[in-house]
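What the coordinates show
This is what each chain is made of:
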Amino acid sequence: MLAVYADGRAIAVAAHELRLPPAEVETLVEALDHDLAGQPATASPLPGSPRIYDVPTTVLGVDSGSGMREVHVPSLEHAAASYDAALVTARDRLAHLADRVTAQGGNYSTDRVRLSTEQVTVPATPAQPLPGGVPLPPKTQARSGSKDYKGNKAHTIARLIPGDGSWHVYRMSTGEHIALSWRYLLPHE
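The text that follows walks through the structure, step by step, so that each part is easy to find. (Residues numbered from 1 in each chain as written. Predicted model: local features only at pLDDT ≥ 70, side-chain atom pairs only at ≥ 80, totals over all residues. Heavy atoms only, no water.)

What follows covers the sheet that holds strand β9 (residues 144–150). Strand order across the open sheet formed by 5 strands is β8-β10-β11-β7-β9, with mixed pairing between neighbours. Looking at strand neighbours, the two that pair on one side only are β8 (128–129) and β9, the edges of this open sheet. Packed onto the sheet, helix α3 (residues 152–160) meets β7 (112–120), β9, β10 (168–171) and β11 (177–184) and runs at close to 115 degrees relative to β9. (Pairing = 2+ DSSP bridges. Helix = DSSP H or I, 4+ residues; strand = E, 2+ residues; numbered from the N terminus. Contact = heavy atoms within 4.5 Å. Axes fitted to C-alpha atoms, helices over the stretch in contact; angles between N-to-C directions.)

Written out as structure tokens, the structure is:
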């Protein structure tokens, strides 16, 4: 996950940020605009390519001033050879920049977080009690939920739940188990 803003702010995995010079941002936008030119909103694998199901879709996007253009590429991370070379080039360009932001950038934080929950039937490891004060989002699906928090609630989540991108299992007062994961929201979210 990488987001680059017009002011040069690059944020990788909602955890690291690096300021890019204007010329680098301009070059990146021009290159991505070229890579995504003529691509459909959802890319299809090249004819004869095997279909891979149940893997994430990569979203490549650029706004060169005339609105955001996004291309959704199913299973790109697992079947790059099945897609147009320009899409792979765009993905690689963004992945290399994300690696650089992660390696060279500082920590990214804000007072806004997205907390996700998943009900767990049998935890793999012993669970600690859910820390007091952690707000829980309403279930938006049968066994899970997600909600954005800001201010004091966001700070409480960031302080009490590890923010390493992993799921952490807790025991609730009812005896049920719940897995929590959170991340900082990006400026445009």
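Inspection of every chain in the model, using the stated rule, returns 10 salt bridges. Between Asp7 and Arg19 there is a salt bridge, and its shortest N-O distance comes to 3.2 Å. Taken together, the positions of Asp7 in the loop between β1 (2–4) and β2 (9–12) and Arg19 in strand β3 (residues 16–19) put the pair 12 residues apart, joining distant regions of the chain. Arg114 is the salt-bridge partner of Asp148, the closest N and O atoms lying 2.6 Å from each other. In this pair, Asp148 sits in strand β9 while Arg114 sits in strand β7, placing the two residues 34 residues apart along the sequence. The network of salt bridges with shared partners includes Arg114, Asp148, Arg183 and Glu189. (Salt bridge = Lys/Arg side-chain N within 4 Å of Asp/Glu carboxyl O.)

This brings us to the packing of aromatic side chains. Enumeration over the complete set of coordinates arrives at 2 aromatic pairs. Summarising the aromatic geometry, the rings of Trp182 and Tyr184 are spaced 4.9 Å apart at their centres and angled 90 degrees between planes, so their arrangement reads as edge-to-face. Residue class for Trp182 comes out buried when judged on its relative accessible area of 6%. Taken together, the aromatic side chains of Tyr108, Trp182 and Tyr184 make up a single cluster linked through ring pairs. (Phe/Tyr/Trp six-rings, centres within 6.5 Å; stacked < 30°, edge-to-face > 60°. Buried < 20%, exposed > 50% of the residue type's maximum accessible area, 1.4 Å probe, protein only.)

Mapped onto the elements of the fold, Ala80 is located in the loop between β5 (68–74) and α2 (85–104). You can call Ala80 partly exposed: its relative accessible area is 22%. Considered as a pair, Ala80 and Pro45 are 35 residues apart in the sequence and their alpha carbons are 9.0 Å apart. With near-sequence residues (within four places) excluded, Ala80 lies in contact with Val88 and Arg91.

What follows covers the sheet that holds β2. Pairing in this open sheet of 4 strands is antiparallel, and the strands run β1-β2-β3-β6 from one edge to the other. Each edge of the open sheet is held by one strand with a lone partner, namely β1 and β6 (106–107). Bridge count between β2 and β3: 4 bridges; the pairing is antiparallel. Within the sheet, the bridge partner assigned to Ile11 lies in β3 and is Glu17. Its contacts with the sheet put α2 on β1, β2, β3 and β6, and the angle it makes with β3 is roughly 100 degrees.

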